[in-house]
Amino acid sequence: MAQETMEQKEKKNQEYNEYVKQVTPTHSLPANMAKAFVTGGAICLLGQFILNIAAGTFGLDKEMAGSWCSMLLVLLSVLLTGFNIYPSIANWGGAGALVPITGFANSVAAPAIEFQKEGQVFGIGCKIFTIAGPVILYGIFTSWALGLIYWIGASLGWF
């Protein structure tokens with residue numbers, strides 16, 4: 001009786017392992033890198049197009065054109081997130097869609113949209129920075145730490 005139970009367990013284990021192989025997605029690193037490159041490149045190309053139009057057509061200086069470019073890319077990202085299009089872009093393009101400013105805007109807009117049903121304070125207010133919060137925190141901390149290192153180095157004459 002114990003022999004049959006062990007054989008049944010072994011068969012179930014084997015069936016389970018085959019099932020896991022079937023449902024586990026396979027990833028191709030070169031393909032993922034190419035998709036990220038194309039996606040990030042397309043976002044940067046759009047940004048450069050906005051910069052060129054703002055500077056050339058509207059005659060804005062470099063700083064003002066950059067401000068408009070950032071603002072329009074963030075707006076576009078938030079709109080695409082609201083229409084549930086940006087997650088598909090990010091799913092296909094991976095880090096290429098998540099690294100630029102548009103990815104940061106998506107990481108703020110997505111929780112705001114998702115938790116709006118919980119109310120302004122406990123939904124949006126509490127959870128809007130669940131994804132972007134660590135980025136902000138560690139970005140500020142790293143800037144502070146590097147600034148401190150630079151200050152100490154400058155005080156000692158290293159820089």
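Residues numbered from 1 in each chain as written. Predicted model: local features only at pLDDT ≥ 70, side-chain atom pairs only at ≥ 80, totals over all residues. Heavy atoms only, no water.

Right, let's get into the overall build of the protein. Looking only at helices and strands, the protein has eight helices and zero strands in total. Helices (α) and strands (β) of the protein occur, in sequence order from the N terminus, as α-α-α-α-α-α-α-α. Relative to its length of 159 residues, the protein is extended, with a C-alpha radius of gyration of 24 Å against a globular reference of 15 Å. On the principal axes, the C-alpha backbone points of the protein span a range of 85 × 50 × 40 Å. Buried residues in the protein amount to 20% of all 159 residues. Summarising the internal contacts of the protein: among those between residues at least 6 apart in sequence, 49% fall at separations of at least 24. Of the roughly 12,100 Å² that the protein leaves accessible, carbon and sulfur atoms contribute 69%. For the protein, the distance from the average site of its 8 positive side-chain charges to the average site of its 9 negative ones is 1 Å. (Helix = DSSP H or I, 4+ residues; strand = E, 2+ residues; numbered from the N terminus. Rg over C-alpha atoms; globule rule 2.2 N^0.38 Å. Buried < 20%, exposed > 50% of the residue type's maximum accessible area, 1.4 Å probe, protein only. Contact = heavy atoms within 4.5 Å. Areas by Shrake-Rupley, 256 points an atom, 1.4 Å probe, with all protein chains shown as cover. Lys, Arg positive; Asp, Glu negative; His and termini not counted. Charge placed at Lys NZ, Arg CZ, Asp CG, Glu CD.)

This paragraph deals with a nonpolar patch on the surface. On the surface, L137, Y138, F141, W144, L148, Y150, W151, I152, L156, W158 and F159 cluster together into a nonpolar patch covering about 1,400 Å² of accessible area. Mapped onto the secondary structure, F141 falls in helix α8 (residues 132–155). Of the residues examined, F141 reaches a relative accessible area of 49% and is grouped as partly exposed. (Patch = residues over 30% accessible without salt bridge, like charges linked within 9 Å, V, L, I, M, F, W, Y side chains within 5 Å. Salt bridge = Lys/Arg side-chain N within 4 Å of Asp/Glu carboxyl O.)

Moving on, we get to unusual backbone geometry. Notably, N84 is not glycine yet its phi reads approximately 60 degrees, a positive angle. Along the chain, N84 turns up in the loop between α3 (62–82) and α4 (86–93).

What follows is about the pattern of salt bridges. Enumeration according to the criterion identifies one salt bridge in this entry. Note that E118 and K127 form a salt bridge whose closest N and O atoms lie 3.2 Å from each other. Look at K127 and you get partly exposed, because its relative accessible area is 26%.

Checked against the element boundaries, T102 lands in helix α6 (residues 101–114). Judged by its relative accessible area of 5%, T102 is buried. T102 has contacts with I43, L73, S77, Y86 and A97, leaving out every residue within four places of it along the chain.

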